[in-house]
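Reading the structure
What follows is each chain in one-letter form.
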Protein chains: 2
Amino acid sequence: MSIRVPFSEVEETCRKAFINIGVPEDKARICARIHTESSADGVESHGLNRIPRFAEYVQKGLVDVHAEPTLVGSKGAAENYDGHLGIGVTNALFCSDRALALAKEHGIGLVAIRNTTHWMRGGTYAWKMAKAGFIAISWINTESCMPMWGSDKPSVGNNPFCIAIPRKNGEIVVDMAMSQYAYGKLGVYRLAGRQLPYPGGFDKDGNLTTDPRAIEDSMRILPTGYWKGSSLAIALDLAAAMISAGKCGSDLDEEHRGSCTGCSQIFIAIDPNMFGDPDELQKMLDRRVAAADAAHPINPARPVKCPGENTIERRKKSLEDGVVVDENVWAQIQSLAAGDLNVRDIASK
Amino acid sequence: MSIRVPFSEVEETCRKAFINIGVPEDKARICARIHTESSADGVESHGLNRIPRFAEYVQKGLVDVHAEPTLVGSKGAAENYDGHLGIGVTNALFCSDRALALAKEHGIGLVAIRNTTHWMRGGTYAWKMAKAGFIAISWINTESCMPMWGSDKPSVGNNPFCIAIPRKNGEIVVDMAMSQYAYGKLGVYRLAGRQLPYPGGFDKDGNLTTDPRAIEDSMRILPTGYWKGSSLAIALDLAAAMISAGKCGSDLDEEHRGSCTGCSQIFIAIDPNMFGDPDELQKMLDRRVAAADAAHPINPARPVKCPGENTIERRKKSLEDGVVVDENVWAQIQSLAAGDLNVRDIASK
């Protein structure tokens, strides 16, 4: 069962939870904000649902809540940091800010971080950079959780890729993992007793299936677009590891620590107003989005939307009516906020 | 029927064809090389098959074979050019070279070009930049040829996105359109009387289908990964138009000129050796590619490959045994080389 809880109450409860987990006050405030925003935007899997697992990772020493990123090197419009297994969220926000600063100076800015931890909702940083007025591109490499195309065993990460456009009338943001469905989404459908709308993987006999349980059993989640998502996933892995001089996915597999523990991330910011009049460019964005949204709908009750538009709607509703939280998850966050650290990992990948 | 023709013979015949189309000698040499390489790599659709349509576009005035890109503006690591509807291939090669030069100086380089024409095979430029030792990202916006997710009418381009990694033992290159299959591929399957291996679109009744003819009739090609390819396509469109201060996809739709006529393209090059030892980074790439290729195969006769590896194999075979060309296409190229410009458009999108 889900309930709605006021944004400020969720945020404050999360803040107390992070402090009890051992996160310093300034970072606890930031993490509480980000996780609450993710749930408010409808990405509960990497919002509140993920906090118990974060607590577990801190307890296991997989996340160092006191570590700060340190500069490894820089060249022109590019910088590289070591994340020292610090909090993925605060490390990634730091990198986003640096990418923005570099883009302000050089037109484009690139920040690579290695040895960091799970950044939670991937889109967070592209959204932030777009809200700051910049085009953003970011991605991550992770341990293997998806079969390469042609394989039946997990052999590449589902490495999310994000791109965001700073439209004043609503940012356009893509935040896509390289698997057609996340494991978390499979769980949601399984619990609801529903089939996936489209095939999400292969069953153990190698047939494409919409049955979430069959895919969880086979561990053969489908790359998005079959061979295409598989190809893009391995290329993003190599690029992230190479630019950051960090670990590639198979290195992470060998270490076999937590999800994304020791991974690499890339943040690119681009000044969108270098070569055009800002007002004209905004008019162009509005014109293009309006044309897309006016595309003839299959179902008139479900008009076409550009990526990000529905998120902004959900965000608005969450701020007005409260953030949707799962009752079980909420009970655990409240326990953490009350000081009980015996959390169970209910997070979904 | 396909035949194999020696690379040098294909290249020389194409060079004569481009000269007869009116392309100046230096550019004819470059275009011949690029189109021959695309066919040699197995991308005939944008190699030799595309030359007759190029001739048609030149005749119609949609491509100005004498135009050169001119600098519109620059900021730090970024430059913007106007392509003046010059030859897409030579314009894009110019931009790739500029991106490399900027990346050498600033660590990362961004070049945006507006008002250019079809760059033929998208991967050409990422391959070139990777061969020059740089990580490359590039994409394009095009007129609408694919329904947005939720629509049944073409409303966004299938905007290809490319990313390449400079591995000495074989570049890793992704060159992916945002549709699951190109129209050209549908034609190949239809002519062969075969079904697509996976659903490639909706029929006119709205059912997913593997029947290429049904998709050609409905014009409802499937975005790669359903909603994901649709979302990425519109974001790439907006980003390309915004950075280049060029035309967005719906502007191109309104002008309704040729395929990609007046489009925008983005070229990003990244120095991959800024923060790590080049030899160690190459070892990491080899280690990761080897792990991926060692992923347990579904079919032992079809081992897993990283993107680009099969292309390099095909290229090798083409250089040894000749380039595969369709007999009809080859006859047309030979006619063009002999001075007969009454070509029929046999190109496929």
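Keep in mind it's a predicted model, so treat the numbers as computed, not measured.

1. Observations concerning the interface of chain A and chain B
Facing 89 residues of chain A, the contacting portion of chain B comprises 89 residues. Area buried by chain A at its contact with chain B is led by Met 242, Phe 275 and Arg 288 of chain A, which between them contribute 13% of it. Our enumeration of links across chain A and chain B arrives at 6 salt bridges. In this structure, Asp 271 of chain B engages Lys 75 of chain A in a salt bridge whose closest nitrogen and oxygen atoms are separated by 2.8 Å. At the junction of chain A and chain B, the tally comes to 24 residue pairs in polar contact (both at pLDDT 80 or more). At 13 residues, helix 8 (residues 227-244) of chain A tops the list of elements feeding residues into the side of chain A that touches chain B. Considering only residue class, the side of chain A that touches chain B consists of 53 nonpolar, 21 polar and 15 charged.

2. Notes on the packing of aromatic side chains
All told, the structure shown has 29 aromatic pairs over all chains when counted by the stated rule. A ring pair is formed by Tyr 198 of chain A and Tyr 226 of chain B, whose centres lie 4.4 Å apart and whose planes are at 25 degrees; its orientation type is stacked. With one member in each of two chains, Tyr 198 of chain A in the loop between helix 6 (183-191) and strand 10 (201-202) and Tyr 226 of chain B in the loop between helix 7 (212-218) and helix 8 (227-244) form a pair that bridges those chains. We note that Tyr 198 of chain A, like Tyr 226 of chain B, is buried. Ring pairing ties together the aromatic residues Trp 149, Phe 202, Tyr 226 and Trp 227 of chain A together with Tyr 181 and Tyr 198 of chain B, which thus form one cluster. The ring of Trp 127 of chain A carries Arg 315 of chain A above its face, with NZ or CZ at 4.3 Å from the centroid.

3. Some details on the pairing of strand 3 (residues 78-82) of chain B
Regular strands have side chains that alternate between both faces of the sheet. Residue and element names in this part refer to chain B. Within strand 3, 5 of the 5 residues are buried, which leaves it mostly tucked inside the rest of the structure. The sheet contact formed by strand 2 (residues 70-75) and strand 3 spans 5 bridges and is antiparallel. Bridging across to strand 3, Thr 70 finds its partner in Asp 82. Here strand 2 hands over to strand 3 after 2 residues, with Gly 76 in that stretch at a positive phi of 55 degrees. Strand direction decides the pairing type here: strand 3 and strand 4 (residues 108-116), joined by 5 bridges, are parallel. Looking at the pairing, Asp 82 lines up with Arg 114 of strand 4. In this fold, strand 3 hands off to helix 4 (residues 88-106), which returns the chain to strand 4; that crossover is right-handed.

4. Side note on the nonpolar core
Trp 139 and Ile 268 of chain A together with Trp 139 and Ile 268 of chain B are the most contacted members of the largest nonpolar core, which totals 110 residues. Filtering out sequence-adjacent residues up to four positions away, Ile 268 of chain B remains in contact with Ile 108 and Ile 270 of chain A together with Ile 108, Gly 109, Leu 110, Met 129, Ile 135, Ala 136, Ile 137 and Trp 139 of chain B.

5. Quick word on the packing of helix 10 (residues 278-293) of chain A against helix 8 of chain B
In the contact formed by helix 10 of chain A and helix 8 of chain B, the axes pass within 10 Å of each other and the chain directions differ by 155 degrees. Looking at the two axes, helix 10 of chain A sits roughly antiparallel to helix 8 of chain B. Both helix 10 of chain A and helix 8 of chain B take part in a crossing whose hand is right-handed. In this structure, helix 10 of chain A contributes Leu 281, Gln 282, Met 284, Leu 285, Arg 288, Val 289 and Ala 292 of chain A to the contact, and helix 8 of chain B contributes Ile 234, Asp 237, Leu 238, Ala 241 and Met 242 of chain B. Looking at the contact of helix 10 of chain A with helix 8 of chain B residue by residue, the class counts come to 9 nonpolar, 1 polar and 2 charged.

6. Brief notes about the pairing of strand 4 (residues 108-116) of chain A
Residue and element names in this part refer to chain A. Within strand 4, 9 of the 9 residues are buried, leaving the element largely enclosed by the surrounding structure. The pairing of strand 4 with strand 12 (residues 263-270) spans 7 bridges and is classified as antiparallel. Bridge pairing in strand 12 links Ile 113 to Gln 265.

7. Some points on the sheet that holds strand 4 of chain A
Overall, mixed pairing links the 7 strands, which are arranged 2-3-4-12-5-8-9 (chain A) in an open sheet. Every other strand in the sheet has two partners, leaving strand 2 (70-75) and strand 9 (172-176) of chain A as the edge strands with one partner each. Strand after strand, the sheet turns through a mean of 10 degrees between neighbouring axes, direction not considered. Bridge analysis of strand 8 (residues 161-165) of chain A against strand 9 of chain A gives 5 bridges, and the strand direction is antiparallel. Within strand 9 of chain A, the position partnered with Phe 161 of chain A by the bridge is Met 176 of chain A. In the packing of helix 8 of chain B onto the sheet, the strands contacted are strand 5 (135-140), strand 8, strand 9 and strand 12 of chain A, and the crossing angle to strand 8 of chain A comes to about 45 degrees.

Reading guide: rules and limits
Residues numbered from 1 in each chain as written. Chains lettered and ligands numbered in written order. Predicted model: local features only at pLDDT ≥ 70, side-chain atom pairs only at ≥ 80, totals over all residues. Heavy atoms only, no water. Contact = heavy atoms within 4.5 Å. Buried area = accessible area lost by both parts, 1.4 Å probe. Salt bridge = Lys/Arg side-chain N within 4 Å of Asp/Glu carboxyl O. Polar contact = N/O pair within 3.5 Å; in protein donor to acceptor, adjacent residues only side chain to side chain. Helix = DSSP H or I, 4+ residues; strand = E, 2+ residues; numbered from the N terminus. Nonpolar A, V, L, I, M, F, W, Y, C, P; charged D, E, K, R; others polar. Phe/Tyr/Trp six-rings, centres within 6.5 Å; stacked < 30°, edge-to-face > 60°. Buried < 20%, exposed > 50% of the residue type's maximum accessible area, 1.4 Å probe, protein only. Lys NZ or Arg CZ within 6 Å of the ring centre and 35° of its normal. Pairing = 2+ DSSP bridges. Right-handed = clockwise from strand over helix to strand, strands pointing away. Core = buried A, V, L, I, M, F, W, Y, C linked by side-chain atoms within 4.5 Å. Axes fitted to C-alpha atoms, helices over the stretch in contact; angles between N-to-C directions. Parallel < 35°, antiparallel > 145°, perpendicular 65-115°, else oblique. Left-handed = near helix turned anticlockwise from the far one by under 90°.

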